[in-house]
Amino acid sequence: LYSLWRRSLIPLGQLFRFFYFIRPQKTVRRKPLGAKHLLEELSGVLFVPGNFSSDRLCLQKIDLRSGALQKKIFKGNGHGHSVVCSRAGKGWLIPENGFSIIEFDIETLRQTNMITSEGYQIGGHGACSPDGSRLYFVDRGISDKTLDSNLVLYDVERRKVLHRYGGIGIYPHDVKITSDERSAAVASYGRIAEFSGMRNLNYSRQSLRL
């Protein structure tokens, strides 16, 4: 019995190491003298779109340097999917499968306009012109039978749709506009994925199945 008892004892060294690892330790971050921490070099803001409820869109603005957080709730349906910002101080919260885009002031997050595409659902993605005067976004028919999407050109100042380019593919997933606004690239699940000549209200019909 004495021998069995001796074999069942936990050595003090193992017991000490066990409690050392489970005891919460204070994390000490060291950096070379005079060097900046990575987080100190970050600047700018990050916009995070989302949903507050089934009929409310949520937008969060995070200052990357200070960590300060602003949150705003907007009335709107669909899934808060992406945010487009312009140098002119305006931003657009673009939902997917919703019916309206929220235009807001970048500094205050105050809503300044609501953009709708009558008879169509918003496709969740967009881009703006370099000066922020024109917004490009994708939409598609409300019926599941009309999966093909459109690229919409919207005049921000006059608040009106200028043109709708049809047949850009099924469920576009990203939109890029060149600085001269003469060409666009639209990544989609299929059909036409790239076209140019938007100023002439036509496109080259070059297609690529992704």
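What counts as what
- Residue positions are given per chain, counting from 1 as you read along its sequence in written order.
- Owing to the predicted nature of the model, reporting of local features is limited to residues with pLDDT of at least 70; listing and counting of side-chain atom pairs is limited to 80 or more, with chain, interface and lining totals taken over all residues.
- Hydrogens and water are ignored here; the side-chain numbers use all heavy atoms of the structure.
- Going along the chain from the N terminus, every DSSP run of H or I of four or more residues is numbered as a helix, and every run of E of two or more is numbered as a strand.
- Relative accessibility decides the category of a residue: with a 1.4 Å probe and only protein chains considered, values under 20% of the type maximum give buried, values over 50% give exposed, and everything between is partly exposed.
- Values of accessible area rely on a 1.4 Å probe in the Shrake-Rupley scheme; residue burial ignores everything except the protein chains shown.
- Whenever a carboxyl oxygen of Asp or Glu lies within 4 Å of a side-chain nitrogen of Lys or Arg, that contact is scored as a salt bridge.
- In what follows, a contact means two residues having at least one pair of non-hydrogen atoms within 4.5 Å.
- To form a nonpolar core, buried Ala, Val, Leu, Ile, Met, Phe, Trp, Tyr and Cys residues must be joined to one another through side-chain atoms within 4.5 Å.
- If DSSP finds at least two bridges between two strands, the strands pair.
- Note on geometry: axes are lines fitted to C-alpha atoms, helical ones only across the stretch in contact, with angles between N-to-C directions running from 0 to 180 degrees.
- The aromatic pairing rule takes the rings of Phe, Tyr and Trp, using the six-membered ring of Trp, and pairs them if the centres are within 6.5 Å, calling planes under 30 degrees apart stacked, those over 60 edge-to-face and the rest tilted.
- The rule is short: NZ of Lys or CZ of Arg within 6 Å of the ring centre and within 35 degrees of the ring normal puts a charge over the ring.

Scanning the chain from terminus to terminus reveals 2 helices and 14 strands. The buried share of the chain, taken over its 210 residues, is 34%. Counting every atom, the chain has about 13500 Å² of accessible surface; 54% of that belongs to carbon and sulfur.

Our focus in this paragraph is the pattern of salt bridges. Across all of its chains, the model carries 6 salt bridges by this definition. Arginine 164 is the partner of aspartate 139 in a salt bridge, and the nearest nitrogen-oxygen pair spans 3.1 Å. Highlighted residues: aspartate 139 in strand S9 (residues 134-141) and arginine 164 in strand S11 (residues 160-170), separated in sequence by 25 residues. You can call aspartate 139 buried: its relative accessible area is 0%. Notably, a salt bridge pairs arginine 158 with aspartate 155, separated by 3.2 Å at the nearest N-O pair. For arginine 158, a relative accessible area of 54% translates into the label exposed. Looking at aspartate 155, the relative accessible area reads 11%, which means it is buried. Within the structure, one salt-bridge network assembled from shared partners comprises Asp131, Arg134 and Glu181.

Bringing the environment of glycine 91 into the picture now. Looking at the element boundaries, glycine 91 is found in strand S5 (residues 90-98). Counting along the chain gives 14 residues from glycine 91 to aspartate 105, while the straight-line C-alpha distance between them is 6.2 Å. With residues up to four places along the chain from it excluded, the contact list for glycine 91 reads Val84, Cys85, Ile102, Glu103, Phe104 and Ile106.

Our next topic: the nonpolar core. Counting 12 residues, the largest nonpolar core is built from Val84, Trp92, Ile94, Ile101, Ile115, Ile122, Cys128, Leu135, Phe137, Val152, Tyr154 and Val156. Counting residues per element, the ones that place at least two in this core are S5, strand S8 (120-128), S9 and strand S10 (148-155). Contacts of tyrosine 154, omitting those with residues within four sequence positions, involve Asn113, Ile115, Ser133, Arg134, Leu135, Phe137, Arg159, Lys160, Val161 and Leu162. If you look at the next biggest cluster of nonpolar residues, it comprises 11 residues, including Tyr136, Leu151, Tyr165 and Val175.

Looking now at the side chain of glutamine 121. Positionally, glutamine 121 belongs in strand S8. When sequence neighbours within four positions are dropped, the list of residues in contact with glutamine 121 reads Asn97, Gly98, Phe99, Val138, Asp139, Arg140, Gly141 and Ile142.

Below, the discussion takes up the pairing of strand S13 (residues 183-187). In regular strands, side chains alternate between the two faces of the sheet. Of the two faces of S13, only one is covered, namely that formed by Ala184 and Val186; the face formed by Ser183, Ala185 and Ala187 stays uncovered. Across 4 bridges, the pairing between strand S12 (residues 174-177) and S13 is antiparallel. Residue pairing in the sheet places valine 175 in a bridge with valine 186 of S13. As consecutive antiparallel partners, S12 and S13 are separated by 5 residues, and within that stretch glutamate 181 has a phi angle of approximately 60 degrees, a positive value.

Attention shifts here to the sheet that holds strand S2 (residues 56-63). Here 3 strands make up an open sheet; going across it, the order is S1-S2-S3 and the pairing antiparallel. At either end of the open sheet lies a strand with only one pairing partner, and these are strand S1 (45-53) and strand S3 (69-75). On average, each strand axis in the sheet is tilted by 20 degrees relative to the strand beside it, whichever way the strands run. Pairing of S2 with S3, which is carried by 7 bridges, proceeds in the antiparallel orientation.

Turning our eyes to something else, we now look at the environment of isoleucine 94. On the secondary structure map, isoleucine 94 appears in strand S5. A relative accessible area of 0% places isoleucine 94 in the buried class. Distance in space between the C-alpha atoms of isoleucine 94 and glycine 78 is 9.2 Å, their sequence separation being 16 residues. Non-local contacts of isoleucine 94, meaning those with residues more than four positions away in its chain, are made with His79, Gly80, His81, Ser82, Val84, Ile101, Ile122, Gly124, His125 and Gly126.

Further remarks concern the packing of aromatic side chains. Aromatic ring pairs: the centre-centre distance and the angle between the two ring planes describe each pair. Here the structure, examined in full by the defined rule, presents 1 aromatic pair. Taking 5.8 Å as the distance between ring centres and 55 degrees as the angle between the ring planes, the aromatic pair formed by phenylalanine 47 and phenylalanine 104 counts as tilted. Note that phenylalanine 47 is positioned in strand S1 and phenylalanine 104 in strand S6 (residues 100-105), a separation of 57 residues in sequence. On the accessibility criterion, phenylalanine 104 (0% relative accessible area) is buried. Positioned over the ring face of tyrosine 120 is arginine 164, at 4.2 Å from the centre of the ring.

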